[in-house]
Amino acid sequence: MYTYRQQELVEPDWRRFPGWKDVTVQQWRDVQWQRAHCVKTVRQLRAVTGDLVGDAFFADLVRDQTTSATMSMLLTPQLINTMAPHTPPDDESLRADPVRRYMMPIASDRRTDWPSHPYASRDSLHEAEMWVTEGLTHRYPTKVLAEVVPTCPQYCGHCTRMDLVGPSTPGVDKYRFALRPADRLARILDYLRATPTVRDVVVSGGDVANLPWPHLEDFLTRLLTIESVRDIRLASKALVGLPQHWLVPSTVAGIERIAAIAAKRGVSVAMHTHANAASQVTPLVAEASRTMLAAGLRDVRNQGVLLAGVNDTPQALLDLCFALLNEASVTPYYFYLCDVIPQAEHWRLPLHRAQSLQDAIMGYLPGFATPRLVCDVPYAGKRWVHQVVSYDRVRGISTWAKEFRGPFDEADDAERRYEYVDPIHTLPAEGRLWWTEQTNQPQPPALTGAR
Ligand code: SF4
């Protein structure tokens, strides 16, 4: 049972960190100061936390970065300030903090039995297989995903595009775009001009906040000349991780220009962001979101990821949704099950947990702001968690169907079944044993969706 209480947002006091004890409000609101003081190394983090955090925590962090991390460390001060927000941070509060858990993974978070699922893969949604030109995934009949930049102002530990996004880590040598950025964007626009069946373009990456605004504005202006494009969604976690970016007056003026062109053409331009914990929704985040709406964006929506130890209770999900909706005018939209990428098993939830969470959060939020919990099923696309066709709870294999036919689908694909797999450590003993036996075989059994 959830008890609703309206909570006023409070910006945690960054001066509780010894390294930021003299940082002024003006500096904190300055995007250049935020970018210049991002934490990329353990040494920089130590300089921020001073003696509050002990060596054991940093050793745990180093161990993760050198052995398991699929993403480099890159944390804005804004994000770090939402970790252990109400106390001077120490080992214990940092270890337990939901934002720390997904933005700054440590080795002891990860599972030692099944750290990766046997079916985990770097591009688990096979997006690159569906590129029609480099960086443009055409999976659904009427919508595309344009990866316009392969970097972000912050890197999330569980990033589903870990194959492409950010610098390489000791464990993951990242894919690099081959085309020059200007050529890549030009080819994306050429494809869209030649493909009038596409009406909806997700402009993503990476994070669009890392494309210099004049380049992004130029791309969006050209996109808005394509008659068939009716919906544009800008993907930016920076609204939460670096809200200062979306408060820069020249950027806001640019959003106003884009929104004015879109309004004239009757095109909807929205922003999609990514908050996973209520503590991330601070007054600055709310200010940035409302500034985007005042500048003319049609909506700001949240696409979170369901993560164990972060937001896997009805209370955590509803607190987050109400913080977004009440205080920041952000519409809760989706929560995705974490994709089956390497080193993610400690974050992933089984499908049945997502189904229970979906049921538990019904009836509190307005219908338009009740998020759908979805599973992004490889080759099948986003499916609502209750759309599952069959579900073997012992082996943790769910099967799914899809009705649409995308450009890469074959005529008989409507008859196909596609699989998603639960984390093995959540299965009953019989299921765990089955997977152990399977993975001792030279070739794991093929999933039917795989080609
Ligand atoms: S902001 Fe998005 S693209 Fe960037 S690391 Fe996080 S999840 Fe990945």
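One numbering rule holds for all chains: residues counted from 1, following each sequence as written. Two thresholds apply to this predicted model, a pLDDT of at least 70 for residue-level local features and 80 or more for giving and counting side-chain atom pairs, whereas whole-chain, interface and lining totals are computed over all residues. The side-chain figures draw on all heavy atoms in the structure; neither hydrogens nor water molecules are used.

**Some remarks on the overall build of the protein chain**
Rules: Only DSSP runs of H or I with at least four residues qualify as helices, and only runs of E with at least two residues qualify as strands; both kinds are numbered from the N terminus onward. Think of it in three bands: with a 1.4 Å probe and only protein chains considered, a residue is buried below 20% of the maximum accessible area for its type, exposed above 50%, and partly exposed in between. We call two residues in contact when some of their heavy atoms are within 4.5 Å. We count Lys and Arg on the positive side and Asp and Glu on the negative side, and we leave His and both chain ends out. To locate a charge, take atom NZ for lysine, CZ for arginine, CG for aspartate or CD for glutamate.
A tally of helices and strands in the protein chain yields 15 helices and 13 strands. Taking all 451 residues of the protein chain together, 59% fall into the buried category. The long-range fraction of contacts in the protein chain, counting pairs at least 24 apart against all pairs at least 6 apart in sequence, stands at 77%. The centroid of the 49 positive side-chain charges in the protein chain is displaced by 3 Å from the centroid of its 51 negative side-chain charges.

**Quick look at the packing of aromatic side chains**
Which entries qualify depends on this criterion: Side-chain rings of Phe, Tyr and Trp (the six-membered ring for Trp) are treated as a pair once their centres are within 6.5 Å; stacked means planes under 30 degrees apart, edge-to-face means over 60, and tilted covers the remaining angles.
Summed over all chains, the structure comprises 16 aromatic pairs. Their ring planes at 5° and their centres at 4.5 Å tell us that Trp-14 and Trp-28 sit as a pair that is stacked. Placement of the pair is Trp-14 in the segment before helix H1 (25–29) and Trp-28 in helix H1, with a sequence separation of 14 residues. With a relative accessible area of 10%, Trp-14 lands in the buried category. Note on Trp-28: relative accessible area 1%, which makes it buried. Ring geometry for Phe-57 versus Phe-58: centroids 5.9 Å apart, planes at 85°, classification edge-to-face.

**Considerations on the pairing of strand S4 (residues 200–205)**
One face of the sheet, then the other: side chains in a regular strand alternate in exactly this way. We apply this condition: Only strands joined by at least two bridges in the DSSP assignment are considered to pair. By convention, orient the strands away from the viewer: a clockwise path from the first strand over the helix to the second makes the crossover right-handed.
With six of its six residues buried, S4 lies for the most part within the structure. Burial of the side chains of S4 extends over both faces: Asp-200, Val-202 and Ser-204 are buried on one face and Val-201, Val-203 and Gly-205 on the other. Taken together, the six bridges between strand S3 (residues 143–149) and S4 define a ladder with parallel strand orientation. Considered in S4, the bridge of Leu-145 is made with Val-202. For the handedness criterion, the β-α-β arrangement of S3, helix H8 (residues 181–194) and S4 is classed as right-handed. As judged from the four bridges shared by S4 and strand S5 (residues 231–235), these two strands associate in the parallel manner. Residue pairing for S5: Asp-200 is matched across the bridge by Asp-231. After leaving S4, the chain enters helix H9 (residues 213–223) and then returns to the sheet as S5, a path that is right-handed.

**As for the site of the ligand**
The condition that has to hold: It suffices for a single heavy atom of a residue to lie within 4 Å of a molecule or strand for the residue to be listed as near it. Think of a 1 Å grid over the protein atoms and nothing else: a 1.4 Å probe that fits but is trapped marks a cavity, an open set flanked by protein within 12 Å on at least five of seven lines marks a pocket, and residues with an atom within 4 Å of a point count as lining. Pocket or cavity membership: a molecule qualifies when more than half of its atoms sit within 2 Å of the grid points of that site. Three classes are used, and their members are as follows: Ala, Val, Leu, Ile, Met, Phe, Trp, Tyr, Cys and Pro are nonpolar, Asp, Glu, Lys and Arg are charged, and the others, Gly among them, are polar.
Around the ligand lies a shell formed by Met-71, Cys-152, Gln-154, Tyr-155, Cys-156, Cys-159, Gly-206, Lys-237 and His-274. Here the ligand is seated within the largest cavity. A per-class count over the shell around the ligand returns five nonpolar, three polar and one charged.

**Section: the sheet that holds strand S6 (residues 268–273)**
Note the threshold: Convention adopted: a line fitted to C-alpha atoms gives each axis, helices being fitted over their contacting stretch, and angles between N-to-C directions are expressed from 0 to 180 degrees.
Strand order across the open sheet formed by 10 strands is S1-S2-S3-S4-S5-S6-S7-S8-S9-S10, with mixed pairing between neighbours. Edge positions in the sheet fall to strand S1 (131–133) and strand S10 (381–384), since each of these pairs with one other strand and no more. Sheet topology note: the strand S9 (residues 372–377)/S10 ladder contains four bridges and is antiparallel. Within S10, the position partnered with Val-374 by the bridge is Trp-384. Of the strands in this sheet, strand S7 (299–306), strand S8 (331–337), S9 and S10 touch helix H14 (residues 351–361), which is tilted by about 155° from S9.

**Considering the sheet that holds strand S12 (residues 397–400)**
Judged by pairing direction, the sheet is antiparallel, and its three strands sit side by side in the order S11-S12-S13 without closing on themselves. Looking at which strands have only one partner, the edges of the open sheet turn out to be strand S11 (390–392) and strand S13 (418–421). Across the sheet, the mean angle separating the axes of adjacent strands is 20° when strand polarity is ignored. Taken together, the four bridges between S12 and S13 define a ladder with antiparallel strand orientation. Note that in S13 the partner of Ile-397 across the bridge is Val-421.

**Remarks on the nonpolar core**
The test is simple: We call a set of buried residues a nonpolar core when its members are Ala, Val, Leu, Ile, Met, Phe, Trp, Tyr or Cys and they connect through side-chain atoms within 4.5 Å of each other.
Judged by nonpolar contacts, the single largest core of 136 residues is most densely connected at Val-203, Leu-220, Leu-223, Ile-232 and Trp-246. When sequence neighbours within four positions are dropped, the list of residues in contact with Leu-223 reads Leu-189, Leu-192, Val-201, Val-203, Val-229 and Ile-232.

**Section: unusual backbone geometry**
Here the residue pair Gly-205 and Gly-206 is connected by a cis peptide bond, since its omega of 15° sits within 30 degrees of zero. Here Gly-206 is to be found in the loop between S4 and H9. With phi around 55°, Ser-329 is a residue other than glycine that occupies positive phi space. Tracing the chain through its elements places Ser-329 in the loop between helix H13 (314–328) and S8. When its relative accessible area of 26% is taken as the criterion, Ser-329 is described as partly exposed. Its identity as a non-glycine residue notwithstanding, Gln-343 has a phi of 65°, on the positive side. Relative to the helices and strands, Gln-343 resides in the loop between S8 and H14.

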